[in-house]
Amino acid sequence: EAQVTQNPRYLITVTGKKLTVTCSQNMNHEYMSWYRQDPGLGLRQIYYSMNVEVTDKGDVPEGYKVSRKEKRNFPLILESPSPNQTSLYFCASSLGGRASYEQYFGPGTRLTVT
Amino acid sequence: GIQVEQSPPDLILQEGANSTLRCNFSDSVNNLQWFHQNPWGQLINLFYIPSGTKQNGRLSATTVATERYSLLYISSSQTTDSGVYFCAVPLTPGTASKLTFGTGTRLQVTL
């Protein structure tokens, strides 16, 4: 089954404790991205990747890191999480970033930073 | 950037009723998607519909790109249809780059 998976689905952590949210897709997609969703602010893009080893900032990259060492994986790293990073996070992928392809979203990761 | 507006913002239906959700966008697009965010927060792809009409069971969607709107029809609504419905278009037309989401229509289907 074609899908985007994220882990963990739920996470409660404390300020400053490094964490990684994994994202994996099995569709051989080139384009992957991360969004966060907050009440009243909608979905905002954090980082995106056009292909392996090619990443770029979205609208709200501060406090986050990403890497794209393999085509299928695009982990989101919070090196020193803070309470303002409490949010619902989505990973997304599409066939490519230079044409209009359908984007597929993972199930979401609900992160709480205390 | 492109603006995406959805209406109505909130909708309450009795089970079995039909509804139409609207998405207006401010610039030409060649990629539009409809999503359903269920009460558990999951974003579920409903339609990828740059133009024309598509149907999937009780749901159908129509996009009239020249007039800059899309409609999502829900027929014979069920309680499982509850949640928030978003339309989304690429910020940059012609690419799959960052999606700009509408503000959503919150649907509640009651028994």
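Residues numbered from 1 in each chain as written. Chains lettered and ligands numbered in written order. Predicted model: local features only at pLDDT ≥ 70, side-chain atom pairs only at ≥ 80, totals over all residues. Heavy atoms only, no water.

### What about the overall build of chain A?
Helix and strand content of chain A: zero helices and 11 strands. Listing each helix as α and each strand as β along chain A from the N terminus yields β-β-β-β-β-β-β-β-β-β-β. Against the globule reference of 13 Å for 114 residues, chain A gives a C-alpha radius of gyration of 13 Å, in line with a compact fold. On the principal axes, the C-alpha backbone points of chain A span a range of 40 × 30 × 30 Å. Counting only residues that meet the buried cut, chain A has 51% of its 114 residues in that class. Considering only contacts in chain A between residues 6 or more positions apart, those separated by 24 or more positions represent 54%. A distance of 5 Å separates the average location of the 13 positive side-chain charges in chain A from that of its 10 negative side-chain charges. (Helix = DSSP H or I, 4+ residues; strand = E, 2+ residues; numbered from the N terminus. Rg over C-alpha atoms; globule rule 2.2 N^0.38 Å. Buried < 20%, exposed > 50% of the residue type's maximum accessible area, 1.4 Å probe, protein only. Contact = heavy atoms within 4.5 Å. Lys, Arg positive; Asp, Glu negative; His and termini not counted. Charge placed at Lys NZ, Arg CZ, Asp CG, Glu CD.)

### Some words on the interface of chain B and chain A
Contact with chain B, which involves 19 residues of that partner, is made by 22 residues of chain A. Across the interface of chain B and chain A, roughly 1,700 Å² is buried in total on both sides, 48% from carbon and sulfur atoms. The interface formed by chain B and chain A includes one salt bridge. Here Lys-98 of chain B ties to Asp-59 of chain A by a salt bridge, and the two come within 2.6 Å at their closest N and O atoms. Counting across the chain B and chain A interface gives seven residue pairs in polar contact (both at pLDDT 80 or more). (Buried area = accessible area lost by both parts, 1.4 Å probe. Salt bridge = Lys/Arg side-chain N within 4 Å of Asp/Glu carboxyl O. Polar contact = N/O pair within 3.5 Å; in protein donor to acceptor, adjacent residues only side chain to side chain.)

### As for the environment of Gly-57 of chain B
All names here are of chain B. On the secondary structure map, Gly-57 appears in the loop between strand S6 (52-56) and strand S7 (59-64). Its relative accessible area of 55% is what places Gly-57 among the exposed residues. It is 18 Å that separates the C-alpha atoms of Gly-57 and Leu-43, two residues lying 14 residues apart in sequence.

### A few points about the sheet that holds S7 of chain B
Residue and element names in this part refer to chain B. Here five strands make up an open sheet; going across it, the order is S1-S3-S8-S7-S6 and the pairing antiparallel. Two strands in the sheet have a free side with no partner beyond their single neighbour: strand S1 (4-7) and S6. The mean angle between the axes of side-by-side strands here comes to 15°, regardless of whether they run parallel or antiparallel. The sheet contact formed by S7 and strand S8 (residues 69-74) spans six bridges and is antiparallel. Opposite Val-64, over in S8, you have Tyr-69 as the bridge partner. (Pairing = 2+ DSSP bridges. Axes fitted to C-alpha atoms, helices over the stretch in contact; angles between N-to-C directions.)

### Comments concerning the side chain of Ser-82 of chain B
All names here are of chain B. As for its placement among the helices and strands, Ser-82 is situated in the loop between S8 and strand S9 (83-90). Assessed through its relative accessible area of 13%, Ser-82 is described here as buried. Discounting chain neighbours no more than four positions away, the residues touching Ser-82 are His-36, Asn-38, Pro-39, Leu-107, Gln-108 and Val-109.

### What to know about the pairing of strand S2 (residues 10-14) of chain B
On any regular strand, side chains alternate: one points to one face of the sheet, the next to the other face. Residues and elements named next belong to chain B. Here S2 shows a buried face lined by Leu-11 and Leu-13 and an unburied face lined by Asp-10, Ile-12 and Gln-14. Across five bridges, the pairing between S2 and strand S11 (residues 105-110) is parallel. Residue pairing in the sheet places Leu-13 in a bridge with Val-109 of S11.

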